[in-house]
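Survey of secondary and tertiary structure
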Amino acid sequence: MSTVAGMRRRDALLGCACSVIGAGRAAAEADTTAGPRALAAPSGAVLLSIGGRIRRTNRGGRAEFDRAMLQALPQHSYAARTPWFAQRRKYTGPLLRELLARVGAEGSTLRLAALNDYRIDIPVDDARRFDMLVACLLDDRPIGVRDKGPLLVIYPFDSDVDLRNALYYSRSVWQLTTIDVL
Ligand SMILES: Nc1nc2c(c(=O)[nH]1)N[C@H]1C(S)=C(S)[C@@H](COP(=O)(O)O)O[C@H]1N2
Ligand SMILES: [Mo]
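My aim in this report is to walk through the structure given alongside it, one point at a time. (Residues numbered from 1 in each chain as written. Chains lettered and ligands numbered in written order. Predicted model: local features only at pLDDT ≥ 70, side-chain atom pairs only at ≥ 80, totals over all residues. Heavy atoms only, no water.)

Below, the discussion takes up the environment of R62. Structurally, the position occupied by R62 is in the loop between β1 (46–52) and β2 (63–66). Given a relative accessible area of 23%, R62 falls into the partly exposed group. Along the primary structure R62 and G52 are separated by 10 residues, whereas in three dimensions their C-alpha atoms are 7.6 Å apart. Discounting chain neighbours no more than four positions away, the residues touching R62 are S49, I50, G51, I54, T57, T178, I179 and D180. (Helix = DSSP H or I, 4+ residues; strand = E, 2+ residues; numbered from the N terminus. Buried < 20%, exposed > 50% of the residue type's maximum accessible area, 1.4 Å probe, protein only. Contact = heavy atoms within 4.5 Å.)

This part is about the nonpolar core. Nonpolar side chains in soluble globular proteins tend to be buried together. Within the largest apolar cluster, 47 residues are counted, with the highest numbers of intra-cluster contacts made by L48, I50, F65, Y91, L110, L112 and L176. Considering each element in turn, this core owes the most residues, four residues, to helix α3 (residues 96–103). Among all residues touching L48, those that are not within four sequence positions of it are A63, E64, F65, L70, L99, L151, L176, T177, T178 and I179. (Core = buried A, V, L, I, M, F, W, Y, C linked by side-chain atoms within 4.5 Å.)

Neighbouring ligand 1 are the residues W84, A114, N116, Y118, K148, Y169, S170, S172, V173 and W174. One of the side-chain nitrogen or oxygen atoms of N116 is found 2.9 Å away from a nitrogen atom of ligand 1. Residue W174 places a main-chain N or O atom 2.7 Å away from a nitrogen atom belonging to ligand 1. Considered on its own, ligand 1 offers 500 Å² of accessible surface; in the complex 66% of this is hidden by protein. Of the residues in the shell around ligand 1, the class split is six nonpolar, three polar and one charged. (Near = heavy atom within 4 Å. Polar contact = N/O pair within 3.5 Å; in protein donor to acceptor, adjacent residues only side chain to side chain. Areas by Shrake-Rupley, 256 points an atom, 1.4 Å probe, with all protein chains shown as cover. Nonpolar A, V, L, I, M, F, W, Y, C, P; charged D, E, K, R; others polar.)

Attention now moves to the pairing of β1. Taken across its seven residues, β1 has five buried, putting it largely inside the fold. Direction of pairing for β1 relative to β2: antiparallel, over a ladder of four bridges. Its bridge partner being in β2, I50 is matched across the sheet by A63. Summarising the sheet, β1 and strand β11 (residues 176–181) pair through four bridges and their orientation is parallel. Residue pairing for β11: S49 is matched across the bridge by T178. (Pairing = 2+ DSSP bridges.)

A full pass over the atoms with the stated rule returns 10 salt bridges. Residue R59 pairs with E64 through a salt bridge whose shortest N-O separation is 2.7 Å. Accessibility expressed as a relative area gives 14% for E64, which makes it buried. Residue R88 is joined to D158 by a salt bridge in which the shortest nitrogen-to-oxygen separation is 2.5 Å. With R88 in the loop between β3 (76–80) and β4 (89–93) and D158 in the loop between β10 (152–154) and α5 (166–171), this pair connects stretches of sequence that are 70 residues apart. Look at D158 and you get partly exposed, because its relative accessible area is 27%. (Salt bridge = Lys/Arg side-chain N within 4 Å of Asp/Glu carboxyl O.)

Here we come to the side chain of Q175. Relative to the assigned elements, Q175 resides in the loop between α5 and β11. A relative accessible area of 11% means that Q175 is categorised as buried. At 2.9 Å, the side chain of Q175 forms a polar contact with the backbone oxygen of V145.

So, on to the side chain of D131. Its place among the elements puts D131 in the loop between α4 (124–129) and β7 (133–135). Side chain to side chain, D131 and R97 meet in a polar contact 2.4 Å long.

This is the structure:
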């Protein structure tokens, strides 16, 4: 797993932070809704809405993220093969566990839901054990809905053979819209 060569330059343009996998993993365990870690409200279109057992919200009791907010989190990238694309593709976005830390998630289960009404519950533990991404870029570009975007949950399928089965493929939700922490 590695951050992407050339990412710094684009990140400089986009104002993204960039760090290696694992950095900041334990951050934000004890934040409150006030103070410097408060979540600003999104100014662009909302791509992801997180609700349920979270300590930090920004609108209607939920934590809503537009693209800029997602890309302001530390960005991580890796290539992975999946059953739903013929080629190995490169995925870039925040780690799911860092996103959960950002909203102060406290539950043990994540209910993921997608644009096409697909819905599945996954253990929060997956996000700790695996470098799951909420990918906002596919091969360095925003992901169209017809390419299963704008957000995809992805597991590091290429670096762990034990992930390459129906259980984790079914948890790899494309067209992700909401996460509820149970
Ligand atoms: N949004 C969404 N994500 C999804 C699904 C789906 O129907 N909708 N199906 C899941 C399952 S069961 C699998 S095996 C993989 C691949 O689904 P596909 O073969 O229908 O593309 O995506 C997973 N993610
Ligand atoms: Mo599946």
